[in-house]
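Structure at a glance
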Amino acid sequence: MAVAAEKQEPVQQLLKQGAEGKLYIGTYKGNRCLVKERFEKKYRHPALDRQLTRQRIKAEQKAFQRCAAAGLSTPTLYGVDLEQRKIYMEYLEHSRTAKEFIDELTATTQADALSESAQLKQLAEQIGHMVGVLHRNNLVHGDLTTSNMLLDPVEKGAEESVFPYRLVTIDFGLSHFSDNHENKGVDLYVLERAILSAHSQLPGLFGMILEAYREHNTNHCRETIAKYEEVRARGRKRTMVG
């Protein structure tokens, strides 16, 4: 059931625009927040576009709720406005993407020491845990990349931790509920390709993530891994054939 959003102040700052929508800094009931707006697709019939947009917003809202129920961190969902095509959520202004963190780590750490980096191992553990819990609860993210994961600083005991962050999952625009092993296998394959593309200097990173994933996905994990390997083999074959 959609949460009706009250009339909001005008959005203030455009952060990002993609194929599916715009991301702003705005306000919700006087609080600073992120506003995700799914704009109209002019090439679609207006009625069809409205129907598809409402379905995607509702699916994204459900993904937030399922993550919360599973104990995973996401930005707090404040409300949605189906008529205005907007989602209002918490703005984590001190966070940065996992991609930015990895890029900085690789720029400041000797290549031969990267594979033994305690910070990298902790990050891989958190990513594997997150994806494992998603799949254990039959939630497929649909766009797993290190740009869709935020590292939010942890205040308590931060000085004592080698990795003082919590992993926050974002962008559920392509997410869906599914117990299909192949859908989950594709989710893993998308993550692997994204990591190999964005972090080619870390060929062992996905293996570390997969190790943690096996530990935390107790819902037919073996079958999901088998499907991931099938999808991966098909992807390799397409690359070789061209």
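Residues numbered from 1 in each chain as written. Predicted model: local features only at pLDDT ≥ 70, side-chain atom pairs only at ≥ 80, totals over all residues. Heavy atoms only, no water.

Heads up, the rule is: UniProt positions are given in the numbering used here, feature names are shortened, and annotations may be inferred rather than shown by experiment.
Per an unreviewed UniProt entry, the chain goes by the name non-specific serine/threonine protein kinase and belongs to Anopheles merus. In the Subunit (unreviewed entry) part of its UniProt record, the chain is described as follows: "Component of the EKC/KEOPS complex composed of at least GON7, TP53RK, TPRKB, OSGEP and LAGE3; the whole complex dimerizes." UniProt's Sequence similarities (unreviewed entry) comment on the chain is quoted here verbatim: "Belongs to the protein kinase superfamily. BUD32 family."

1. Description of the overall build of the chain
Heads up, the rule is: Think of it this way: any DSSP run of H or I at least four residues long counts as a helix, any run of E at least two long counts as a strand, and we number them from the N terminus. Values of the radius of gyration come from C-alpha atoms, whereas the globule rule sets the reference at 2.2 Å times the count of residues to the power 0.38. Relative accessibility thresholds used throughout: buried, under 20% of the residue-type maximum; exposed, over 50%; partly exposed, between the two (1.4 Å probe, protein chains only). Contacts are residue-level and defined by heavy atoms, with any inter-residue pair within 4.5 Å sufficient. Only the protein chains shown count as covering a residue, and every accessible area follows the Shrake-Rupley method with a 1.4 Å probe.
On a plain count of helices and strands, the chain comes out with seven helices and ten strands. Expected size for 242 residues packed as a compact globule is a radius of gyration near 18 Å; at 19 Å, the chain falls within 12% of this value. Oriented by its inertia axes, the alpha-carbon framework of the chain measures out at about 55 × 45 × 35 Å. Counting every position in the chain, which comprises 242 residues, the buried fraction comes to 44%. Pairs at least 24 apart in sequence give 62% of the contacts found in the chain among residues at least 6 apart. Here the chain has roughly 13,200 Å² of accessible surface; of this, 49% comes from carbon and sulfur atoms.

2. Details of helix H1 (residues 46-70)
Heads up, the condition is: One fewer than the residue count of a helix, multiplied by 1.5 Å, yields its expected span.
The end-to-end C-alpha separation of H1 is 36 Å, in line with the 36 Å expected for 25 residues at 1.5 Å each. On its buried side, H1 packs onto strand S3 (31-37), strand S4 (77-81), strand S5 (86-90), helix H4 (118-136) and strand S7 (139-140). With its phi angle positive at about 85°, glycine 71 sits one or two positions after the end of H1.

3. Here's the deal with the environment of glycine 207
By the secondary structure assignment, glycine 207 is in helix H6 (residues 205-216). For glycine 207, a relative accessible area of 43% gives the class partly exposed. Considering only alpha carbons, one finds glycine 207 and leucine 191, 16 residues apart in sequence, at a separation of 11 Å.

4. Quick word on the sheet that holds S5
To be explicit about the condition: A pair of strands counts as paired when DSSP detects no fewer than two bridges linking them. Each axis is a line fitted through C-alpha atoms, and for a helix only the stretch in contact is used; angles between axes span 0 to 180 degrees, taken between their N-to-C directions.
Pairing is antiparallel across the open sheet formed by five strands, whose spatial order is S1-S2-S3-S5-S4. Here the strands that pair on one side only, and so sit at the sheet edges, are strand S1 (13-17) and S4. On average, adjacent strands in this sheet sit at an angle of 30° to one another, irrespective of strand direction. Two strands pair when backbone bridges link them, and strand S2 (residues 22-28) and S3 are joined in this way by seven bridges, in the antiparallel orientation. Of the residues in S3, the one forming a bridge with isoleucine 25 is leucine 34.

5. Some thoughts on the sheet that holds strand S8 (residues 149-153)
A sheet is described by the order of its strands in space; here three strands give the open sequence S6-S8-S9, paired in antiparallel fashion. The open sheet has two free edges, formed respectively by strand S6 (96-97) and strand S9 (165-169), since each of these has just one partner strand. The sheet contact formed by S6 and S8 spans two bridges and is antiparallel. Bridge assignment links threonine 97 to a residue of S8, and that residue is leucine 150. Where H4 meets the sheet, it contacts S8 and S9, and its direction lies at approximately 35° from that of S9.

6. Let's talk about the domain arrangement of the chain
For clarity, the cut-off: Where each domain starts and ends follows an automatic or database-derived domain assignment. In short, buried area is how much 1.4 Å probe accessible area vanishes from two parts on joining, totalled over both. Any carboxyl oxygen of Asp or Glu that lies within 4 Å of a side-chain nitrogen of Lys or Arg is treated as forming a salt bridge with it. Counting of polar contacts relies on pairs of N or O atoms within 3.5 Å, with two restrictions inside protein: one atom must be capable of donating a hydrogen and the other of accepting it, and residues adjacent in sequence are counted only when both atoms are side-chain atoms. The residue classification treats Ala, Val, Leu, Ile, Met, Phe, Trp, Tyr, Cys and Pro as nonpolar and Asp, Glu, Lys and Arg as charged. All others, Gly included, are polar.
Splitting the chain by domain gives domain 1 (13-90) and domain 2 (96-239). Each partner contributes to the interface: domain 1 provides 14 residues, whereas domain 2 provides 17 residues. For the pair domain 1 and domain 2, the two sides together bury roughly 1,200 Å², of which 61% comes from carbon and sulfur. Summed over the three residues of domain 1 that lose the most area to domain 2, namely Arg66, Leu72 and Ser73, the buried surface amounts to 38% of that side. Remark: the boundary between domain 1 and domain 2 carries one salt bridge. Ionic pairing is found between aspartate 171 and lysine 36, a salt bridge with its closest N-O pair at 3.3 Å. Run the count over domain 1 and domain 2 and you get six residue pairs in polar contact (both at pLDDT 80 or more). A total of eight residues in the side of domain 1 that touches domain 2 trace back to one element, the largest contributor, which is H1. Among the residues forming the side of domain 1 that touches domain 2, the class breakdown is seven nonpolar, two polar and five charged.

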